[in-house]
Structures are given as C-alpha cells and as structure tokens.
Amino acid sequence: MSSVERRAAAGSSPALPRSQRPLSSADVAAAAVGLGIALAARAQGAYGVRAWGPLGFGVVAALAFLSVFGLRLSRAVVGGAAMLAALGLWAVLSVTWGGLPDAAWSMLDRSLLAAAALLLGGAAAAAGRRVLVPAAVLGGVVAQSVEILVRGATGSTPGAWFHGRMLEGPIGYHNAQGLLCAVALPLAVGAGCSGHPLVRAAGAAAAAPLLAVLLLTQSRGALAAAGVAVACQLALTRRARLLVAAALIVGAGAALAVELRAVDRALLTDGPAGATGALRSYALVTLALAAVLAAAGALPAPRRRLGLWPRPRTLAAIAGTVLVAAAVAALLAPSFVQRAHAFAAGLATDTPPAAAPGNTRFTTISLDGRREAWRVAVGAIREAPLTGDGAGRYAVRWGVERRLPDLYILQPHSLELELGAELGAPGVALLAAFLGAVLFALRSALRADRAAAAAAAAAFVALLVEASADWTWSFPGIVAPVLFVVGAAAVPSGAPREPRPRPLLLVAAAAALVALALPYVAAGRLARASSAGTPAAALAQVHAAEALNPWDPDALSTEGRLLEARGEYAAAAALYADAARRSQRPWLEWFRQARALRRAGEVQPAVAACLLAQHADPSEDLLHRGACGWPWLSLHVPGSRPADPEGATRRSFPSPST
Amino acid sequence: MTKRNIIGSLAAALVASFPAAVAQASPNGDQYGNPVQQETPPTVVKAVSPAATQQGSELPFTGLELGLIVAGGGAAAGAGLVLRRATRGRRQ
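Everything numeric here is computed off the predicted structure, so don't read it as measured data.

## A look at the overall build of chain B
- When helices and strands are tallied, chain B shows 4 helices and 0 strands.
- For chain B, buried positions account for 11% of its 92 residues.

## Description of the overall build of chain A
- Along chain A, the regular secondary structure elements total 24 helices and 2 strands.
- Scored against the burial criterion, the 658 residues of chain A give a buried share of 53%.
- Pairs at least 24 residues apart make up 73% of the contacts formed inside chain A by residues separated by at least 6 positions.

## A look at the confidence of the model for chain A
All names here are of chain A.
- Mean pLDDT over chain A stands at 86; residues scoring 70 or higher make up 86%.
- Contacts from residues 1–16, a stretch scored under 50 in pLDDT, to residues over four places away or in other chains number 12 contacts.
- Low confidence marks residues 635–658, where pLDDT is under 50. Its contacts with residues over four positions away, or in another chain, come to 29 contacts.

## Some words on the nonpolar core
Residues and elements named next belong to chain A.
- In terms of nonpolar packing, the biggest core is built from 212 residues, with Ala184, Leu210, Ala459 and Ala462 touching the most fellow members.
- Once residues within four sequence positions are removed from consideration, alanine 462 is found in contact with Leu179, Ala182, Val183, Pro186, Ala225, Ala226, Val228 and Ala229.
- Ile381, Val396, Trp398 and Ile409 belong to the second-largest nonpolar core, a separate cluster that totals 13 residues.

## Focus on helix α8 (residues 197–217) of chain A
Residue and element names in this part refer to chain A.
- Given a rise of 1.5 Å per residue, 21 residues ought to cover 30 Å, and the 31 Å separating the end C-alpha atoms of α8 matches this to within 8%.
- Summarising burial for α8: 18 of the 21 residues are buried, a large majority.
- Positive phi shows up at glutamine 218, right after α8, with a value of about 55°.

## Focus on unusual backbone geometry
- Residues other than glycine seldom take positive phi values, yet glutamine 44 of chain A does so here, at roughly 55°.
- Its location among the elements puts glutamine 44 of chain A in the loop between α2 (25–42) and α3 (49–69).

## Points about the environment of glutamate 466 of chain A
- Mapping glutamate 466 of chain A onto the fold places it in helix α17 (residues 450–467).
- Excluding residues that lie within four positions of it along the chain, glutamate 466 of chain A makes contacts with Asn175, Leu179, Ala182, Gly221, Ala222, Ala225 and Thr472 of chain A.

## Some points on helix α16 (residues 415–448) of chain A
- Along its 34 residues, α16 of chain A runs just 31 Å from first to last C-alpha, ending more than 12% under the 50 Å computed at 1.5 Å per residue.
- In the structure, α16 of chain A departs most strongly from a straight axis at leucine 423 of chain A, where the bend amounts to approximately 140° and where the proline proline 426 of chain A lies between one and four residues downstream.

## Digging into the environment of valine 189 of chain A
All names here are of chain A.
- With respect to the helices, strands and loops of the structure, valine 189 is situated in helix α7 (residues 174–192).
- Given 29 C-beta atoms within 10 Å, valine 189 falls into the buried group.
- Through-space distance from the C-alpha of valine 189 to that of arginine 280 is 26 Å; in sequence the pair is 91 residues apart.
- What valine 189 contacts, discounting residues up to four positions off in sequence, is Ala207, Val230, Gln233, Leu242, Ala245, Ala246 and Ile249.

## Describing the environment of arginine 265 of chain A
Residues and elements named next belong to chain A.
- By secondary structure assignment, the location of arginine 265 is in helix α10 (residues 240–274).
- Placed 330 residues apart in sequence, arginine 265 and arginine 595 show a C-alpha to C-alpha distance of 45 Å.
- Every residue in contact with arginine 265, bar those within four places of it in the chain, is listed here: Pro357 and Gly358.

## Some words on the packing of helix α6 (residues 132–154) of chain A against helix α11 (residues 276–298) of chain A
Residues and elements named next belong to chain A.
- Contact geometry for α6 and α11: axes closest at 7 Å, N-to-C directions at 140°. With respect to each other, α6 and α11 are oriented oblique. The hand of the α6/α11 crossing is left-handed. Where α6 abuts α11, its residues Leu149, Val150, Gly152 and Ala153 lie against Leu279, Arg280, Ala283 and Thr286.
- Of the residues contributing to the contact of α6 with α11, the split by class is 5 nonpolar, 2 polar and 1 charged.

What counts and how
- Residues numbered from 1 in each chain as written.
- Chains lettered and ligands numbered in written order.
- Predicted model: local features only at pLDDT ≥ 70, side-chain atom pairs only at ≥ 80, totals over all residues.
- Helix = DSSP H or I, 4+ residues; strand = E, 2+ residues; numbered from the N terminus.
- Buried ≥ 20, exposed ≤ 12 C-beta atoms within 10 Å, placed from the backbone.
- Contact = placed C-beta atoms within 7 Å.
- pLDDT = per-residue confidence, 0-100.
- Core = buried A, V, L, I, M, F, W, Y, C linked by C-beta atoms within 7 Å.
- Expected span 1.5 Å × (residues − 1).
- Bend = angle between axes of the 7 residues up to and from the residue.
- Axes fitted to C-alpha atoms, helices over the stretch in contact; angles between N-to-C directions.
- Parallel < 35°, antiparallel > 145°, perpendicular 65-115°, else oblique.
- Left-handed = near helix turned anticlockwise from the far one by under 90°.
- Nonpolar A, V, L, I, M, F, W, Y, C, P; charged D, E, K, R; others polar.

As structure tokens, this is what we get:
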C-alpha cells in the first residue's frame with residue numbers, strides 16, 4: 001500500500017493541503033489532552049485527591065478502553081510502568097511494618113496514574129500520533145502560562161497566586177509552577193528546531209511565556225532544572241540550530257530578568273494588587289520577545305551537526321573568554337569576590353538570605369532547610385536500610401527529630417531520600433529500575449527520531465533534577481504529562497505487528513480504577529461534611545467517607561470534632577487517638593485528644609495525651625499552651641528549644657505505643 | 001466508528017469530566033503550614049428549644065418571600081405576553 005493509500009485509509013485527505021483539511025479526531029484528541037493538562041495544572045497540579053482522582057480515573061479508563069481494541073507497546077515502556085506499579089504495591093505492603101495506610105494508598109494511586117500515563121503515551125506513539133503528544137502537552141502548559149501573564153497584566157490575579165515576591169500560581173507552589181514551565185521548555189525548543197518554518201516560529205514563540213512564568217516564580221531549582229534539561233537536549237541532538245535556539249532563549253531570559261527586577265520591587269513594596277503596572281510591562285516585554293523569537297524561528301537555521309566535543313581551539317577560546325570576563329568583573333566591582341563568597345555561603349545556612357527589593361531571589365542561594373530535612377531522612381535510612389520506616393512515616397519522624405522549629409514538612413525534599421527513608425532499599429531499587437527502563441526506551445527512540453526523543457529526555461531530566469531536591473513528584477499534574485511525552489517518544493520493539501488485545505492490562509486497569517475511585521469519593525463526602533447544614537448531616541457524610549476509606553485520619557479527626565462540638569468528649573477523644581495512629585502529624589491529634597479530655601474534666605488522661613503530643617514533636621511550643629497549658633507539665637521552657645538536639649530530654653517522655 | 005474517532009471522543013469526554021476548579025487546601029499550606037496555629041476548638045452546640053429562640057412577641061417566619069414570588073410570576077407572565085405578541089404575525 002502506498003503512503004497516499006495509507007493516509008486515505010486512515011481517513012485523511014491527501015488531495016488537500018494540511019491548512020485546508022478539516023480537523024481530524026486525532027487533532028481533537030490532542031486539543032482535549034492539552035486542555036486536560038491545563039485543567040490539571042489549574043487544579044493545583046492535581047496535588048489533592050479531588051483532582052488526581054478524576055485525572056487518574058480518566059487516564060486509566062482511556063488505557064482500559066484501548067486495551068480492549070489492542071495495543072502495541074514498547075517493552076521498555078511496559079517495564080517502566082510495571083516498576084512504577086510495583087513501587088506503589090511495595091508502599092502498600094509497607095503498612096505491615098509501620099507504613100501509614102492512607103499515605104500508602106495515595107502513593108499507590110499516584111504510581112498507578114504515572115504508569116498509566118506512560119503506557120498511554122506509548123499507545124499514542126504506536127497509533128502514529130507521536131508528534132501530537134508533545135504538541136498537546138506544550139499547548140496546555142503555554143495556555144496556562146499565557147493566562148498567568150494576562151491576569152497579571154489586567155490586575156485580575158487571585159491574591160493566593162503570589163506569596164511575597166514569588167509566583168505560587170494556580171499550582172500553589174512556586175517550585176512546581178516553575179517546573180511545569182521547565183519541562184515544557186525543551187518541547188518548545190524541540191519544536192523551534194523543526195523542519196517546517198511555521199512550527200519553528202510557533203515553538204520559538206511558545207518559549208517566551210514559558211520562560212516569563214518560570215522567572216516570575218523565582219524558583220531557583222526550576223531554573224536550574226530547565227538549564228540542565230536544555231543542555232542535555234543539546235548534548236543529545238548536537239545540532240547547530242538547537243544551539244542557536246538555546247542562545248536565543250538565554251538572551252530572552254536576560255531581557256526578562258531585567259524587567260523582573262521592577263516586578264520584584266513592586267511585589268515587595270506594594271503587594272500583588274499594586275504590581276499590576278510592573279506586571280503589565282513584563283507581559284508586554286514577553287509579547288515582544290515572543291514576536292522576536294517567532295521571527296527568528298521562521299528564518300532558515302543552520303543544519304550543521306556539532307561535534308561531540310568542541311575543537312581544542314574553540315575550547316581554549318571559551319576558557320579564555322570566561323577567565324578574562326571574571327578578571328574584569330573582579331577589577332571593576334571590588335565587592336565581586338565578597339558577593340560571590342556570600343552567595344556560596346548561602347548553601348551552608350538553613351536561613352534563607354533575604355535579597356533586597358529589586359534584586360530577586362536569583363541573586364541569592366540557599367537550601368532553605370533541606371540540609372536538615374535530608375539529615376532526618378539519612379537517619380531513617382541508616383536505621384532501617386532494608387525496609388524503611390514505611391509509607392508516609394517520614395513526616396512522623398520529622399516531628400520527633402526536627403531542629404528547625406518553624407519548618408513543618410511532610411517529605412524530605414528529595415524523591416530518592418523519601419523512598420529510601422520510607423520504603424528502604426527495595427523502594428530505591430524499584431525507582432532505579434523504572435529510570436533504567438525509561439533510559440532504555442529513550443535510547444532506542446533516539447535512533448528513530450533523535451529530536452523528539454531528545455526533547456522528551458530533556459523534559460524527563462528536568463522533572464528528575466527538580467524532584468531530587470524537592471517534593472514536586474507529588475504533583476501528578478506535572479509527572480503525568482512528562483511520562484506521557486516519554487511514552488510517546490518510545491518506539492515499539494521488534495518487527496511491526498498487529499496490535500493485540502491485552503486482557504491482563506484490562507484486569508489491572510479495572511483494579512486501578514477501583515483503587516482510584518474509593519479515596520476520591522471518600523474525599524468528596526468529607527468535603528460535603530464541611531458544608532452540611534446540620535451536625536447530623538455532617539456526621540452522616542463523615543460516616544460515608546469512613547466506610548469508603550477507613551484509614552483516612554482526616555475523616556476520623558473530623559468526626560471527633562463533630563462529637564466534641566456535641567459535648568461527647570470521651571467518644572471524640574477515642575477518635576482523635578485513632579486518627580493519631582494513622583496521621584503523618586500525630587502530635588496534632590494527640591493535642592486534640594488532650595483538649596477533648598480536658599473539657600471532659602479527665603485531667604490525668606489529658607496530661608498523658610499532652611505528653612504523647614510533646615513527645616511526637618518536642619520543638620512545638622504551641623503544644624505547651626492551650627489544652628496542654630499546664631506549667632508543671634512542660635519539660636522544657638516554652639519559647640526555648642531543646643538544648644540537646646539529639647533529644648536527651650525526650651527520653652523521659654513515654655513512647656507513643658504506651 | 002473508526003478507532004481514531006473513538007480515541008478522539010474518549011479524550012474529549014475525559015476533559016469534559018475533569019473538574020475545572022477543585023476547592024482544596026493549597027499544596028504549599030499542606031506541606032509547610034503550621035496546623036496548630038489554625039487549630040480552634042469546636043464550639044459546643046447545645047440543643048435549644050424553638051420557644052427559646054423567639055424574641056419578643058414576633059412569630060418565627062416559616063413561609064416564603066411573597067415579594068420574590070410575585071416578581072418572578074409577573075416577569076414570567078410579561079415574558080409570555082411579549083412572546084405571544086411577537087409571534088402573532090407569524091402564526092397568522
């Protein structure tokens with residue numbers, strides 16, 4: 001069959017040029033996927049179960065539907081998805097040695113969602129829709145970036161989107177919002193190096209809003225991830241046109257950084273409401289840069305392939321230029337060395353240095369408490385290297401061992417350390433196996449379509465770099481699109497053959513749908529409880545939520561609060577105790593139990609509950625006030641910190657098991 | 001229906017079913033927020049008799065807002081008359 005016949009059989013019209021052809025269902029699907037990605041990002045990056053529930057349900061349902069008709073998938077993609085599913089199941093198994101059931105269930109669901117996204121991307125590639133997947137993802141992220149810029153320029157940005165000088169955005173976390181742009185940037189660069197001038201122009205123009213929002217978040221981690229990703233893309237493709245595109249993007253970033261100073265100053269001095277003028281100028285500069293980049297992208301670009309390493313003469317010239325520039329900078333600015341020293345010293349402190357208004361966060365560097373978070377995780381790995389503490393247990397350990405009293409965290413800000421601390425060596429090994437499968441899939445893909453595979457690999461690298469020093473893996477609205485692109489880049493192994501139905505995949509998808517639906521429906525019931533008209537109606541909703549997800553500490557705690565409000569203190573105290581055993585922050589539930597018992601006049605049990613709360617978080621001053629505000633109870637003076645960070649005073653507390 | 005049509009319809013249905021705005025706690029607040037600072041003890045709600053809630057000699061309001069009903073009915077009747085007049089010529 002000729003190519004024309006094949007296209008005719010596929011439903012396209014070869015007689016018409018592309019611009020005059022009606023939209024195909026594949027185009028509609030791509031637009032729908034792009035819209036879905038924008039919506040998932042809009043719903044706080046699908047961080048909560050109310051958002052990742054439907055997202056996961058949709059992705060898994062689509063996969064189940066396709067598996068009935070038959071799928072042709074790369075073995076590496078199937079292997080990677082299997083490793084992710086195994087990671088989720090291992091998290092569930094960890095409940096037997098201390099893991100928290102609700103946290104384990106969440107980890108299982110998110111792993112299944114990621115695995116399904118990877119497989120769905122692979123299915124799209126096998127169906128010949130490889131190109132549409134990165135286009136859809138890029139379109140979704142660009143749509144959201146444009147919305148952020150337009151809202152800023154028109155003064156209609158919701159107040160919660162900014163936190164000081166940082167753009168938290170619709171995702172609600174500046175590093176995650178920045179990362180979303182960082183993973184899309186290689187896709188824009190890849191499109192900017194396409195063979196078609198219109199695609200090149202569109203890709204280059206798309207880079208401007210992505211870069212603008214990335215800088216607006218002032219996320220140093222996301223910026224570093226974007227840099228590493230584009231460098232990785234350049235190294236993999238070694239194309240001169242990609243080097244030109246990268247240089248243009250660096251130039252655009254420099255222009256935006258100059259304008260960002262005014263935005264930073266306005267945000268810090270006048271707040272988001274008073275920064276509309278600066279944000280408008282910033283948006284206009286972005287628009288101008290998009291036009292310039294589009295025009296540059298439309299021009300014919302060099303097709304030369306770069307050598308693996310620069311020639312010695314070129315290398316010497318680069319090194320010489322860098323040395324001369326550094327020497328000139330040191331001579332012209334006497335404080336250059338001191339500033340460089342202060343910049344590097346930021347890594348050694350847990351207190352983030354505050355940059356003056358107009359200087360932006362990019363002029364400082366700090367680990368923002370990560371050293372402490374990593375120390376606690378390493379301690380957990382040393383204590384139980386083979387099994388870890390169990391899913392969700394890191395937050396419990398953080399409460400007991402933290403030395404930074406103002407830092408409340410649930411994850412150690414590193415995917416690898418989180419898995420090591422909670423799931424032990426098998427958890428890290430499963431992650432490594434997943435990464436190996438993805439690398440294998442991308443290695444094969446590089447031979448088939450180097451540019452597309454390099455863009456997908458770069459997006460994956462950005463995701464991994466940021467997740468290694470943050471908790472951004474907890475945002476399925478970012479992880480799923482990247483794995484969707486990676487799956488689409490993979491090439492099915494072996495000789496071409498007819499797709500075959502996969503009953504095993506169908507059964508697994510059906511089980512995954514149940515696993516995804518139950519916590520989602522339970523969370524919906526719990527949300528309805530908070531808006532119920534009467535306490536009885538609220539209680540009925542909470543009971544329904546508990547029936548669907550009996551391990552949710554929030555449901556137990558909410559029921560406790562409802563009973564406490566009705567004066568049923570003993571029953572409320574029992575529920576709080578149950579919630580404490582299932583919660584990542586048990587000290588809060590022990591504190592609530594103490595309050596209920598104290599209201600019931602049960603002083604001795606209330607004191608015991610307070611001691612448990614203080615044991616679970618010795619650094620929390622608030623646990624020495626209110627319901628636990630007995631002056632003779634505190635073992636250290638409120639307002640001070642334990643003198644012995646290893647917890648010499650803590651050893652006199654009763655253990656939680658008592 | 002071709003397989004491509006099925007995929008297209010499925011993707012569109014997925015997007016349509018996705019909640020555009022899901023009210024939930026901010027991820028930043030969930031990760032870094034101090035839960036104790038937001039902690040307020042639940043207020044005890046005591047059962048009160050209906051007689052205790054009456055103030056003075058006024059009877060409790062148990063009916064409907066008559067003004068709204070009359071306004072809504074009037075608007076509906078007016079719209080009906082206008083429609084009837086507007087379509088009279090066509091019917092004839």
